[in-house]
Amino acid sequence: MTHPLPDDLIRKDVRDLPEYNAGLALDRFRDAYGIDCVAKLDSNESPLGPSPRAIEVMREAAKGVARYPDAANTALRSAIARSTGAEADRIIVGNGSEDLIGALFRATIRAGDHVVTICPSFGLHEFGALTFGARVTKLPFEADWSFPVETIKAELRSAPRILIFSSPSNPAGPAICENAFRAIVEAADPATLICFDEAYVEFIDPQHRFDALGILAASGKPHIVLRTFSKAYGLAGARVGYGIASAPAMIRALMKTRNPFGVNAMAAAGAIEALADTAHLDRVLQCAAAERDRVAAALTAKGYPCAPSQTNFVFFDTGQPANEFAEGLRRAGILIKAWQEAPFQTWARVTMGTAAENDAFLAAVPQISGKVA
Ligand SMILES: *Cc1c(COP(=O)(O)O)cnc(C)c1O
């Protein structure tokens, strides 16, 4: 039995939001399609999983699960401070960095505020802001997939409350170059919070890396850099992300608007160990870089345009409604993410799995033109 909700119970901002376009969990896929998944390439998870040492310490931490975890997350924040060089009082951890994005909007957005991001974009950058009645401007990438520095600078003149975007970009893949980043930071009004989402920072090739945290810190502008243990560290199911802010006052505010015990004891222990196992991380990054270059070349040869990627995924134009393309692959047991944001509804994002998983994906993708891969 279901009861209708009173018409005005749910805020209009919330009623108007689309549902989150999440990947399909493996057991739900099996129930829906009646076959086992061959390759789960829809959520940018790590095919090599977390460090085995992380799993071991999480098992150990489970023994202490009767107690609440440390609300200040002292040990994890110290470990992040050591690995990033930022002071612990400028670091916050959350139940995934998505939790921190929500905490950020709760702490800052008033109805009618202006938020600027880039299109295609990570959905929560837009929807999280819309929940609080913000007006969101989405600026397209340049035709060659470089970041739209001039249009961002033009928007910054009106001092939006927040500029938020990911680099490397999810879903597109490219990483912003140092000069472009410096120009944007320089142009930002001191009243604008720069939220720089580095969920894929570990995957950037050495020749494209630069110290975004250092540039932001030197600028004196309000900022927060977001990172996560869900991607390169392979802990998506544990739900841990972190933010590094310009000032301890920002962290104190976010501590009030995040979920107080959002990072559980097992997740915190696993994240600390994952940071320490740099040999495992190196294996993950090598595999991802080699596979994404190979898969992008194979897709291009089959006639599918690809955006350049500095991540563990490739964004490509399927040349047809991407939902239908992805549905065809699902029937072969292969999960990818069909993009639903205009004007990219013919584009899809495929996460790099193991070489065998990626081969299964490539074998299932029809050749549409060009030379044989
Ligand atoms: C995956 C992702 C996140 C969030 O990851 P969590 O699992 O919530 O830590 C944040 N931003 C971008 C751009 C992502 O792709």
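It should be emphasised that the depicted structure is a prediction, and the values quoted were computed from it without experimental measurement.

## Quick notes on the domain arrangement of the protein
Each assigned domain of the protein is listed with its residue range as follows: domain 1 (12-49 + 279-368) and domain 2 (54-276). When each unit is reduced to the centre of its C-alpha atoms, the spacing between domain 1 and domain 2 is 23 Å. Counting from both sides, the interface comprises 31 residues of domain 1 and, opposite them, 34 residues of domain 2. Between domain 1 and domain 2, a total of about 2,500 Å² is buried, with carbon and sulfur atoms accounting for 64% of that surface. The largest share of the area that domain 1 buries against domain 2 comes from Y20, Q310 and E341, three residues that together contribute 24% of it. Connecting domain 1 to domain 2 are two salt bridges. One salt bridge in this structure joins D205 and R292, with 2.8 Å as the shortest N-O distance. Counting across the interface, domain 1 meets domain 2 through eight residue pairs in polar contact (both at pLDDT 80 or more). Among the secondary structure elements, those contributing two or more residues to the side of domain 1 that touches domain 2 are α1 (12-15), α12 (278-301), β9 (313-317) and β12 (347-351). The leading source of residues in the side of domain 1 that touches domain 2 is α12, at six residues.

## Notes on the packing of aromatic side chains
Aromatic ring pairs are defined here through the distance separating the ring centres and the angle between the ring planes. Counting across every chain of the model gives 23 aromatic pairs. Centre to centre, the rings of W145 and F315 are 6.2 Å apart; their planes meet at 80°, and the pair counts as edge-to-face. Placement of W145 in the loop between β4 (135-140) and α7 (149-156) and of F315 in strand β9 is noted, with a sequence separation of 170 residues between them. Of the two residues, W145 and F315, neither departs from the other in class, the shared state being buried. Taking 5.2 Å as the distance between ring centres and 45° as the angle between the ring planes, the aromatic pair formed by F229 and Y233 counts as tilted. Across the pair, exposure class does not vary: F229 and Y233 are buried alike.

Rules used in this analysis
Residues numbered from 1 in each chain as written. Predicted model: local features only at pLDDT ≥ 70, side-chain atom pairs only at ≥ 80, totals over all residues. Heavy atoms only, no water. Domains from an automatic or database assignment. Contact = heavy atoms within 4.5 Å. Buried area = accessible area lost by both parts, 1.4 Å probe. Salt bridge = Lys/Arg side-chain N within 4 Å of Asp/Glu carboxyl O. Polar contact = N/O pair within 3.5 Å; in protein donor to acceptor, adjacent residues only side chain to side chain. Helix = DSSP H or I, 4+ residues; strand = E, 2+ residues; numbered from the N terminus. Phe/Tyr/Trp six-rings, centres within 6.5 Å; stacked < 30°, edge-to-face > 60°. Buried < 20%, exposed > 50% of the residue type's maximum accessible area, 1.4 Å probe, protein only.

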